[in-house]
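Structure assessment
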Amino acid sequence: MTPRWVTRSALPMAMALLAGLAVVSLGAGDLHLSVARIWAGLRHHDELAATILWQVRLPRVCVAMLVGAALGASGLVMQAYFRNSLASPGLLGVSSGGAAGAVVAIGLGWATLSILVLPAAAIVGACLATSAVIVLARRGASTERLLLAGVALNAMLGAVVSYVLSNFTITYERNAQIIFWLLGGLEDRTWEHAAMAVAVLPCAAWLWPLGRPMDLLSLGAPEAQSLGVDVRALRRKLLVLSTVMTALATAVAGMVGFVGLVVPHGLRLLVGPEHRRLVPLSLVGGAAFVLACDLLGRAAGGLRLGIVTALVGGPYFLWLLRRQA
């Protein structure tokens, strides 16, 4: 039983942790900036600090927080939809679908047409992957069926990426873009990327009031229907939100795995199953988790974000499997 003070103070503590990580991230780099210089740079009182912050570090921090919030909330939605604590965008292939859509757009040269092409392609790929997961797991959402569906889908999407790499004329620049999308990262993120990811915020606002219906859905579709929930409409909303948020995160940061598994599941163990608490906590916790992993990667000599989240989330996933065995 979680103490009441923990559940009540979890969100303020998570927000304080996020603010602290953001300040550390703004100050970390080849040129360390103290808190005083960060404040001066944000107000343009220190021109060197202002240039570093506004052109390099602040866009990266904003993208990291938006990506983390999107993936954390998307994982929570997936777990509520399938009523399975192991469901997440990465394990079920939704992130791979978004990445495959972006890779196809890059390989065909469409990404140069407009800045909106990549997020649009990622959304299409994520939508197709989501549909495939639902079809593959239509007879039930057991852990085994979901994991097998995710393995099969990730393998097929990997084949799509391999086909693009081996059968299209890929320039050095396109090859670098594809590698970035497959590994995931926050390097060279700009305000344009942050602007694309800002669409996560209206998705979060739409998700927030769905906490109570998700609580009822966790009881089972018949029970939720008997309590006045339009289950079909709720599931459509959850699918749209999860798919769009995952696609947006993938479009600006590439494949970043395990965030949607570790954050909502860990928070559920901490504060309980009530989604009205879990929705804002998953948004803030996801943002803090990605910022922390980015800092770990930079401290380790420039490891890509997707590698760090896999190193953190992989053992957690194996622990969950052993715990449920």
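What you see is a predicted model, and the numbers here were worked out from it, not measured in a lab.

Calculation rules
- Residues numbered from 1 in each chain as written.
- Predicted model: local features only at pLDDT ≥ 70, side-chain atom pairs only at ≥ 80, totals over all residues.
- Heavy atoms only, no water.
- Helix = DSSP H or I, 4+ residues; strand = E, 2+ residues; numbered from the N terminus.
- Rg over C-alpha atoms; globule rule 2.2 N^0.38 Å.
- Areas by Shrake-Rupley, 256 points an atom, 1.4 Å probe, with all protein chains shown as cover.
- Lys, Arg positive; Asp, Glu negative; His and termini not counted.
- Charge placed at Lys NZ, Arg CZ, Asp CG, Glu CD.
- Salt bridge = Lys/Arg side-chain N within 4 Å of Asp/Glu carboxyl O.
- Disulfide = S-S within 2.5 Å.
- Expected span 1.5 Å × (residues − 1).
- Buried < 20%, exposed > 50% of the residue type's maximum accessible area, 1.4 Å probe, protein only.
- Phe/Tyr/Trp six-rings, centres within 6.5 Å; stacked < 30°, edge-to-face > 60°.
- Lys NZ or Arg CZ within 6 Å of the ring centre and 35° of its normal.
- Core = buried A, V, L, I, M, F, W, Y, C linked by side-chain atoms within 4.5 Å.
- Contact = heavy atoms within 4.5 Å.
- Axes fitted to C-alpha atoms, helices over the stretch in contact; angles between N-to-C directions.
- Parallel < 35°, antiparallel > 145°, perpendicular 65-115°, else oblique.
- Left-handed = near helix turned anticlockwise from the far one by under 90°.
- Nonpolar A, V, L, I, M, F, W, Y, C, P; charged D, E, K, R; others polar.

**Thoughts on the overall build of the protein chain**
The helix and strand tally for the protein chain stands at 15 helices and 0 strands. At 20 Å, the protein chain has a C-alpha radius of gyration in line with the 20 Å of a compact globule built from 325 residues. Along the longest, intermediate and shortest principal axes, the C-alpha atoms of the protein chain span 60 × 55 × 35 Å. Looking at the protein chain as shown, the accessible area adds up to about 15000 Å², and 67% of this sits on carbon and sulfur atoms. Looking at charge distribution, the protein chain has the averaged site of its 24 positive side-chain charges lying 11 Å from that of its 13 negative ones.

**Overview of the pattern of salt bridges**
Note that side chains of opposite charge can pair when their charged atoms are close. The full count for this structure, using the stated rule, is 6 salt bridges. R37 is the salt-bridge partner of D46, the closest N and O atoms lying 2.9 Å from each other. Look at the salt bridges and you will find they share partners, linking R60, D294 and R298 into a network.

**Some remarks on the state of the cysteines**
Scanning the model with the defined rule gives 0 disulfides in all. C203 carries a free sulfur, and the closest cysteine sulfur to it, the one in C127, is 11 Å from it.

**Re helix α5 (residues 117–136)**
For α5, built from 20 residues, the straight-helix expectation of 28 Å at 1.5 Å per residue is met to within 8% by its first-to-last C-alpha distance of 29 Å. All buried positions along α5 are accounted for by V117, L118, P119, A121, A122, G125, A126, A129, T130 and V133.

**Details of the packing of aromatic side chains**
Counted according to the given criterion, the structure contains 4 aromatic pairs. Seen from their ring centres, Y81 and F82 are 5.0 Å apart, and the 75 degrees between their planes marks the pair as edge-to-face. Just as Y81 is buried, F82 falls in that class too. Summarising the aromatic geometry, the rings of Y316 and W319 are spaced 5.6 Å apart at their centres and angled 45 degrees between planes, so their arrangement reads as tilted. Of this pair, Y316 and W319 both sit in helix α15 (residues 305–324), 3 residues apart, which is roughly one turn of the helix. In this structure, R235 is placed above the aromatic ring of Y81, and the distance from its NZ or CZ to the ring centre is 5.5 Å.

**Some words on the nonpolar core**
With 104 residues, the main nonpolar core has F82, L207 and L238 as its most contacted residues. With 19 residues, helix α3 (residues 47–82) is the largest single contributor of residues to this core. Sequence-distant contacts of L238, defined by excluding residues within four places in its chain, comprise V77, Y81, L207, L210, M214 and L217.

**Topic: the environment of L165**
Note that L165 resides in helix α6 (residues 143–167). In this structure L165 comes out as partly exposed when scored by relative accessible area, which is 37%. Along the primary structure L165 and G107 are separated by 58 residues, whereas in three dimensions their C-alpha atoms are 7.4 Å apart.

**What to know about the packing of helix α9 (residues 200–207) against helix α12 (residues 231–253)**
In the contact formed by α9 and α12, the axes pass within 10 Å of each other and the chain directions differ by 155 degrees. Accordingly, the angle class assigned to the pair α9 and α12 is roughly antiparallel. As for the relative orientation of α9 and α12, their crossing is left-handed in sense. Here V200, C203, W206 and L207 of α9 lie close against α12, whose contacting residues are K237, L238, V240, L241, V244, M245 and L248. In the contact of α9 with α12, the residues fall into 10 nonpolar, no polar and 1 charged.

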